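# Residue-level structural notes
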Amino acid sequence: MFRRSAMVALLVPGLAVLAFGFLYPVAATLAAPPDGDPATVARETAALLSDPYLLPVIARTIRVAVVTTAACLLLGFPVAYLISRAPARWAGRLLALAIFPLMLNTVVRTYGWLVLLGSNGLISDVSAALGLGRPQLLYTETAINLGLVQLFLPIMILSCYSSLSQQDPRLEEAARGLGASPGRAFRQVVLPLAMPGALVGCTLVFAGAVTAFTTPQLLGGARERILSTLLYSRVNVSLDWPAASAVALVMTVLVLAVSVLSGRLTPKGSAQ
Amino acid sequence: MRAAPIPALAAVCTLVVAAGACAPVRENDTDTLVVSTFSFATEEFERVVAEPFEERTGIRVVLDTGNNATRLTKLRINREHPDTDVVLISDYFAAIGEDMGLFEQVDPAAVPNLAEIQPWAVDPDGYGPAYTYQLLGLMYRTDLVEEPPTSWDALWDPEHPGGFALPDISVSAGPLMVLAAGEAYGSGPTDAETGFERLAEIGPDALQFYSRSTEVSSLLERGEIAMAPSLDNFATESVAAGQPIGFAVPERGRLMTANTARIVAGAPNRAGAEAFIDFLLEPEVQSQMAEAFFDKPVHPDAEVPDLMTQVSGDAAVDPAGNGYRQGDLDLIAGERSAWLDRYVEEVER
Amino acid sequence: MIRRPFLTLLAAVAFTIMLGPVVILLGVAFTAGSTLTFPPEGLSLRWFGAALAYQPFLDSFRTSVVVALTSTLFALALGIPAAVALHRGSLPGRRVLENLFLSPVIVPELVLGLALFQQIMVGLHSTATAALVLGHTVLLLPYAVRVAGASLALADPRLEEAARGLGAGPVRTFFSVTLPVMRPGILSAAILAFVTSLNNVPLSLLLTGPGVATLPVEMLNYVQSSFDPVVAAVSVLLLAGSVAVALVTERLVGFTKVFGR
């Protein structure tokens, strides 16, 4: 319809910016940071993947991501389902309530946990009042999980809602009409059709949890290091750019793997 | 070919922005002085140092702030075309930078105040001097600790109330703490072996390893910890803000760190740099810095606010006379990578 | 009324976790005391005054808005034509090109920030602001292409063919027929992009310079060294702004339409 050369011209500026602002810097940094070379980065990467003191960091990152994704799915899916089946007036408001936290930055969203989980925070005070002492909640892996779940629930809800809202609620009613119990109707009609949305949600949440920085930094600190906080520490604190590149490499590969896996698992014809 | 104007416009915009974004290279620029300095208390620094210097010399001062590590790395990367003149950096990082050949020596004739400051503050190799210093001690909550601690033992005392934090090896206080433990419990301030051994004993119990000195104030304020090794200017700041904070000068293991002023090798405005360093050492300016952000002066004629002597004792005026000394900088700089690994493996378990 | 108690319970827990900490923080902003305790000790607006007087917050807010506006504009200016080329251009290797435009999503933002810091700021001596605009544009480009592409897909190509058949050139057709149909989609993309840029932390973390930092980064710095309610007050102010934006979006486009069907 349009001339080929015109089409190409439309693409060129975008591609140029991508090349200059994304492809070139990332490739250069991952392979050869300004004060290192590919050999050093390779060596640091090997060290990262074999050092008994650094492997726990990778393990923790993955563990946290898995727990966060599972919790988001468990808690987020019901929210999406209830909203999709609610009357339109309620649906809009509930959805807005679930989404509005996305409008705030991660510092704001995470900071409230310091007030809740701190040694003199709300939960600690309640616990002491109940005679249960003051448990250490901050600077633990649990704190990071809580923070990340809070952060990513809206995304999971949105993804699941996107699938669920496309379903015809009469399908479920039909199943009930044919004699299925509510639980069975849910399991055999609603869940399978909601799979694509849930899968997208899981992918986004997992990738997000692997790469999150602010929340693990504020709630986990140096005690519970994960890949992103390790990266920051190596850049800003240890002066070790090749080592930072190694961490960056591992993080990128992890996210790439999740995306590829998700692509494989997505049933054909339901791509978002 | 009639491509829509928007993408072409966007491309042009991008190029213009990119071109304008590249900072111009400075060469023999005597009108501006670029000072790389610490990122905390910048407003006060501008008020007390940068603006008065500008008024007196007419040289425009531009500050580049950040933490020690990033600024040193920037210097390293820009070695061929330095765009910074003066670097204000902690002595530990200055030693590392010296090994990398990033600084040039100072001409004593151009910095006359060098002759007036406390002798330990003058660099033996002719590089820029220390212009303020901080003492390492135990910062604690006066309301959470029964008796004010008198030595580092409080950290190893299993009965100590509340939690505690340790410095990460990457902050100034980190290597200093290793050596302080070495002096207190081992053969002396270079006994890193004992230092690591003893820190490894309490490592697992530390609530946090702080990588910013200001984090300690926050942790103490929130009651997450009851004590932590830290530098006394942060203690003084908290006390000035009305917090229930105390600072314990340990019986044994007295180490201090200093902020040094160095001239960058190949600095575009060398004369301005020397004038700036001389300015930093003037008694009046030193007194102002002490008052504004509780950095202890190296010039004996400078005045130290009473609060500082209240918090840190006599060492606030005469550190050397009170048994305080700088950490062995050659040792710390030389062993840097080894200690980085050791700390992670042995202490931060 | 509660027909599915188990699901409702889970949903209630979800909302508590999502909103609880934010509500608490907002409440703390009104405290008359000087620490972040909940419930707050007395009520006062003093921390709002403190927040609005703190120069680094004001400067970084200005930086954030400038960067967000510029990069949103750039992203749309680059992304919309790209989407047109991809969806109407019948180019070979369309899939590959499309994935290329969506690829920044794969790389962790912290890594991209590091790359821009090392290569653009340090390597090419660029200013922090330029690096921020470049980085945010790259970050927002996938959104722009994706959303523009989606709304382009909604536009009926036969309308365009009809316009061409009536003698309109491709450019005129685009501006008179295609673009108006895409408008709601572009608007949502613009708002989404603007908010994303404004709130961004990891990408902007390392891209700082003398007097240049984005607001969330400045807030993070503050939070790591002080524990007073100033940040809570800033959060309330930001929330008020966000609610305003959300209401506008609801009016113009409708929430459920943007995210569902």
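Residues numbered from 1 in each chain as written. Chains lettered and ligands numbered in written order. Predicted model: local features only at pLDDT ≥ 70, side-chain atom pairs only at ≥ 80, totals over all residues. Heavy atoms only, no water.

Going by the annotation in an unreviewed UniProt entry, the name recorded for chain B is ABC transporter substrate-binding protein, with Marinitenerispora sediminis given as the source organism.

## Some points on the overall build of chain C
When helices and strands are tallied, chain C shows twelve helices and zero strands. Ordered by position from the N terminus, the helices and strands of chain C form the series α-α-α-α-α-α-α-α-α-α-α-α. Dimensions along the principal axes, computed over C-alpha positions, put chain C at roughly 70 × 65 × 30 Å. The buried share of chain C, taken over its 261 residues, is 57%. Of the contacts made within chain C by residues no fewer than 6 positions apart, 67% connect residues no fewer than 24 positions apart. For chain C, the accessible area works out to roughly 10,700 Å², and carbon and sulfur atoms hold 68% of it. The averaged location of the 10 negative side-chain charges in chain C is 13 Å from the averaged location of its 15 positive side-chain charges. (Helix = DSSP H or I, 4+ residues; strand = E, 2+ residues; numbered from the N terminus. Buried < 20%, exposed > 50% of the residue type's maximum accessible area, 1.4 Å probe, protein only. Contact = heavy atoms within 4.5 Å. Areas by Shrake-Rupley, 256 points an atom, 1.4 Å probe, with all protein chains shown as cover. Lys, Arg positive; Asp, Glu negative; His and termini not counted. Charge placed at Lys NZ, Arg CZ, Asp CG, Glu CD.)

## Some thoughts on the pattern of salt bridges
Under the counting rule described, the total for this entry stands at 17 salt bridges over all chains. A salt bridge links Lys74 of chain B to Asp64 of chain B, with the shortest nitrogen-to-oxygen separation between them at 3.9 Å. Placement of the pair is Lys74 of chain B in helix α3 (residues 68–77) and Asp64 of chain B in strand β2 (residues 60–66), with a sequence separation of ten residues. When sorted by exposure, Lys74 of chain B lands in the same class as Asp64 of chain B, which is buried. A salt bridge links Asp232 of chain B to Lys296 of chain B; the nearest nitrogen and oxygen atoms lie 2.7 Å apart. In this pair, Asp232 of chain B sits in helix α9 (residues 232–240) while Lys296 of chain B sits in strand β11 (residues 296–297), placing the two residues 64 residues apart along the sequence. Taking the relative accessible area as the measure of exposure, Lys296 of chain B reaches 1% and is therefore buried. Salt bridges sharing partners connect three or more residues here, namely Arg60, Arg63, Glu141 and Glu224 of chain A. (Salt bridge = Lys/Arg side-chain N within 4 Å of Asp/Glu carboxyl O.)

## Concerning the interface of chain A and chain C
When the parts come together, some accessible area is lost, and that loss is often what is quoted as the size of the interface. Contacts between the two partners involve 87 residues from chain A and, on the opposite side, 81 residues from chain C. Summed over both partners, the interface of chain A with chain C comes to about 7,600 Å²; 81% of that surface belongs to carbon and sulfur atoms. At the junction of chain A with chain C, the criterion picks out zero salt bridges. Our count for the contact surface shared by chain A and chain C stands at three residue pairs in polar contact (both at pLDDT 80 or more). Looking at side-chain class alone, the side of chain A that touches chain C contains 65 nonpolar, 19 polar and three charged residues. (Buried area = accessible area lost by both parts, 1.4 Å probe. Polar contact = N/O pair within 3.5 Å; in protein donor to acceptor, adjacent residues only side chain to side chain. Nonpolar A, V, L, I, M, F, W, Y, C, P; charged D, E, K, R; others polar.)

## Points about the domain arrangement of chain B
Residue and element names in this part refer to chain B. When the domains of chain B are assigned, the result is domain 1 (32–133 + 257–321) and domain 2 (135–256 + 327–347). With 24 residues of domain 1 at the contact, the number on the domain 2 side is 24 residues. Contact between domain 1 and domain 2 buries roughly 2,000 Å² in total, counting both sides, with carbon and sulfur atoms accounting for 70%. Summed over the three residues of domain 1 that lose the most area to domain 2, namely Tyr92, Thr257 and Val311, the buried surface amounts to 35% of that side. Counting across the domain 1 and domain 2 interface gives three residue pairs in polar contact (both at pLDDT 80 or more). (Domains from an automatic or database assignment.)

## Notes on helix α7 (residues 141–164) of chain A
Residues and elements named next belong to chain A. With 24 residues, α7 extends 32 Å between its outermost C-alpha atoms, agreeing within 8% with the 34 Å of an ideal straight helix rising 1.5 Å per residue. Phe152 marks where α7 bends most, by close to 40°; the proline Pro154 follows one to four residues later. Counting buried positions over the 24 residues of α7 gives 21, a clear majority of the element. (Expected span 1.5 Å × (residues − 1). Bend = angle between axes of the 7 residues up to and from the residue.)

## Quick look at the packing of aromatic side chains
Summed over the entire model, instances satisfying the criterion amount to 15 aromatic pairs over all chains. Between the aromatic rings of Trp156 of chain B and Tyr185 of chain B, the centroid separation amounts to 5.1 Å while the plane-to-plane angle is 70°, which identifies the pairing as edge-to-face. With a gap of 29 residues between them, Trp156 of chain B in helix α5 (residues 153–156) and Tyr185 of chain B in helix α6 (residues 173–185) connect regions that are remote in the sequence. With a centroid separation of 6.3 Å and an interplanar angle of 80°, the aromatic rings of Phe209 of chain B and Tyr343 of chain B are classed as edge-to-face. With Phe209 of chain B in strand β7 (residues 208–210) and Tyr343 of chain B in helix α14 (residues 336–347), the pair connects residues that are 134 residues apart, well separated along the chain. Overall, Phe209 of chain B belongs to the buried group, its relative accessible area being 1%. What makes Tyr343 of chain B buried here is its relative accessible area of 1%. Among the aromatic side chains, those forming a connected cluster through ring pairs are Phe196, Phe209, Trp339 and Tyr343 of chain B. When the ring centre of Trp90 of chain A is taken as origin, the NZ or CZ atom of Arg93 of chain A, which lies over that ring, is 5.8 Å away. Taking NZ or CZ as reference, Arg198 of chain B lies 4.3 Å from the ring centre of Tyr185 of chain B, over its face. (Phe/Tyr/Trp six-rings, centres within 6.5 Å; stacked < 30°, edge-to-face > 60°. Lys NZ or Arg CZ within 6 Å of the ring centre and 35° of its normal.)

## Quick word on the interface of chain A and chain B
Chain A puts 28 residues into the contact, and the matching count from chain B is 36 residues. For the pair chain A and chain B, the two sides together bury roughly 2,600 Å², of which 55% comes from carbon and sulfur. Broken down by element, the side of chain A that touches chain B gets its largest block of residues, six residues, from helix α1 (residues 4–31) of chain A. The class makeup of the residues in the side of chain A that touches chain B is 15 nonpolar, nine polar and four charged.

## Some points on the nonpolar core
Grouped together as the largest cluster of nonpolar side chains are 270 residues, with contacts concentrated most on Leu231 of chain A together with Leu88, Leu155, Leu166 and Phe276 of chain B. Split by domain, the residues of this core number at least three in each of domain 1 (32–133 + 257–321) and domain 2 (135–256 + 327–347) of chain B. Ignoring anything within four residues of it in the chain, the contact list for Leu88 of chain B reads Val35, Ser36, Thr37, Phe38, Phe45, Arg71, Tyr131, Thr260, Ala261, Phe276 and Leu280 of chain B. (Core = buried A, V, L, I, M, F, W, Y, C linked by side-chain atoms within 4.5 Å.)

## Points about a negative patch on the surface
There is a patch of like negative charges on the surface, built from Glu43, Glu46, Glu51, Glu54 and Glu55 of chain B. By secondary structure assignment, the location of Glu51 of chain B is in helix α2 (residues 42–57). (Patch = residues over 30% accessible without salt bridge, like charges linked within 9 Å, V, L, I, M, F, W, Y side chains within 5 Å.)

## Describing the confidence of the model for chain C
Residues and elements named next belong to chain C. Of the residues in chain C, 95% reach a pLDDT of 70 or more, and the chain-wide mean stands at 85. When mean pLDDT is compared element by element in chain C, helix α9 (residues 202–205) scores highest at 93, while helix α12 (residues 255–259) scores lowest at 51. Across the predicted assembly, pTM comes out at 0.86 and ipTM at 0.86. (pLDDT = per-residue confidence, 0-100.)

## Digging into the side chain of Ser71 of chain C
Its location among the elements puts Ser71 of chain C in helix α3 (residues 55–88). Taking the relative accessible area as the measure of exposure, Ser71 of chain C reaches 0% and is therefore buried.

## Brief notes about unusual backbone geometry
For Tyr139 of chain A, which is not glycine, the phi torsion reads 60° and is therefore positive. Note that Tyr139 of chain A resides in the loop between α6 (122–129) and α7. Judged by relative accessible area, which is 7%, Tyr139 of chain A ranks as buried. Notably, Phe294 of chain B is not glycine yet its phi reads approximately 55°, a positive angle. Position of Phe294 of chain B among the secondary structure elements: in the loop between α11 (283–293) and β11.

## Regarding the pairing of strand β10 (residues 255–264) of chain B
All names here are of chain B. Of all the ten residues making up β10, ten are buried; the element is thus mostly covered by neighbouring parts of the structure. Side chains of β10 alternate between two faces, with Leu255, Thr257, Asn259, Ala261 and Ile263 and Met256, Ala258, Thr260, Arg262 and Val264 buried alike. As paired elements, strand β3 (residues 86–90) and β10 share five bridges and run antiparallel to each other. When the sheet's bridge partners are listed, Val86 is paired in β10 with Ile263. Sheet analysis places strand β4 (residues 103–104) next to β10, joined by two bridges and oriented antiparallel. Note on β10: the bridge partner recorded for Phe103 is Val264. For strand β5 (residues 130–141) and β10, the ladder comprises five bridges, and the chain directions are antiparallel. Note that in β10 the partner of Gln134 across the bridge is Thr257. In terms of strand pairing, β10 meets strand β12 (residues 325–326) through two bridges, oriented parallel. Its bridge partner being in β12, Leu255 is matched across the sheet by Arg325. (Pairing = 2+ DSSP bridges.)

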